[in-house]
Amino acid sequence: MAGFENYAEEIREIELEIERKGIVLGIDWTDDVQVRALAKEALDQSAAEIKLAASSPFDRKLMAKVDLFGLAGIMLKTMEECAGVGFECHGGPAWKAFGKALWAEVELRKCNR
């Protein structure tokens, strides 16, 4: 139910996990080109990659990437929910960089339909 969620806490938890996955993957959140490529890959993630990660739990980078891409969806949904109740929500540097890249990629795809 919108309006009863603790968005600030959710955002902190999501960003902490984004930062952790970024460390495993060696992401430089200030590198716009790298983050934009990551956002594109997140939106293109296939079921085959998810299945591969589930069957190869020892590939920490692949697992971190799949987790990060899942967090991207949660992050976008959280921002949409916040907007729906009348406020803008965002986290720190990693959240802002990834969110900006994700929204830019989403908008590009809308224009290319």
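Since the model is a prediction, treat every value here as computed from it, not as a measurement.

Conventions adopted
Residues numbered from 1 in each chain as written. Predicted model: local features only at pLDDT ≥ 70, side-chain atom pairs only at ≥ 80, totals over all residues. Heavy atoms only, no water. Salt bridge = Lys/Arg side-chain N within 4 Å of Asp/Glu carboxyl O. Helix = DSSP H or I, 4+ residues; strand = E, 2+ residues; numbered from the N terminus. Buried < 20%, exposed > 50% of the residue type's maximum accessible area, 1.4 Å probe, protein only. Axes fitted to C-alpha atoms, helices over the stretch in contact; angles between N-to-C directions. Parallel < 35°, antiparallel > 145°, perpendicular 65-115°, else oblique. Contact = heavy atoms within 4.5 Å. Nonpolar A, V, L, I, M, F, W, Y, C, P; charged D, E, K, R; others polar. 1 Å grid on protein atoms, 1.4 Å probe; cavity = no way out; pocket = protein on both sides within 12 Å on 5 of 7 lines; lining within 4 Å. Points joined across faces, edges and corners; volume = space filled by probe spheres on them. Lys, Arg positive; Asp, Glu negative; His and termini not counted. Polar contact = N/O pair within 3.5 Å; in protein donor to acceptor, adjacent residues only side chain to side chain.

Chemist: Sorry, what's going on with the pattern of salt bridges here?
Modeler: Pairs can form between side chains of opposite charge once their charged atoms are near each other. Throughout the structure, instances matching the rule amount to ten salt bridges. A salt bridge links Glu105 to Arg109; the nearest nitrogen and oxygen atoms lie 3.1 Å apart. Placement of the pair is Glu105 and Arg109 together in helix H5 (residues 93-111), with a separation of four residues, close to one helical turn. Classification of Glu105 as buried rests on a relative accessible area of 6%. Salt bridges here are not isolated pairs; linked through shared partners, they connect Arg36, Lys40, Asp44, Glu105 and Arg109.

Chemist: How should the packing of helix H4 (residues 60-84) against H5 be read in this particular structure?
Modeler: To characterise two packed helices, one gives the angle between the axes of the helices and the distance between these axes. Running from N to C, H4 and H5 cross one another at 85°; their axes reach a closest spacing of 11 Å. Judged by the angle between their axes, H4 and H5 are roughly perpendicular. Contacts between H4 and H5 pair Leu68, Ala72, Met75, Leu76, Thr78, Met79 and Glu80 from the former with Trp95, Phe98, Gly99, Leu102 and Trp103 from the latter. Residues that form the contact of H4 with H5 fall into these classes: nine nonpolar, two polar and one charged.

Chemist: When you look at the layout of surface pockets in this model, what are you seeing that I'm missing?
Modeler: The gaps left among the atoms become clear once a water-sized probe is rolled over them. Each pocket or cavity is described by its volume, and for the largest pocket that value is around 190 Å³. Lining the largest pocket are Met79, Ala83, Phe87, Glu88, Cys89, His90, Trp95, Lys96, Gly99, Lys100 and Trp103. Elements with a contribution of two residues or more to the lining of the largest pocket: H4 and H5. The residue makeup of the lining of the largest pocket, split by class, is six nonpolar, two polar and three charged.

Chemist: Help me understand the side chain of Glu15, please; the structure alone is not making it clear to me.
Modeler: In this fold, Glu15 is placed in helix H1 (residues 7-25). Of the side chains bearing the opposite charge, Lys96 lies closest to the buried Glu15, which forms no salt bridge; the N-O distance is 8.0 Å. There is a polar contact of 3.0 Å between the side chain of Glu15 and the backbone nitrogen of Trp95. The contacts of Glu15, once residues within four sequence positions are left out, are Gly91, Gly92, Pro93, Ala94 and Trp95.

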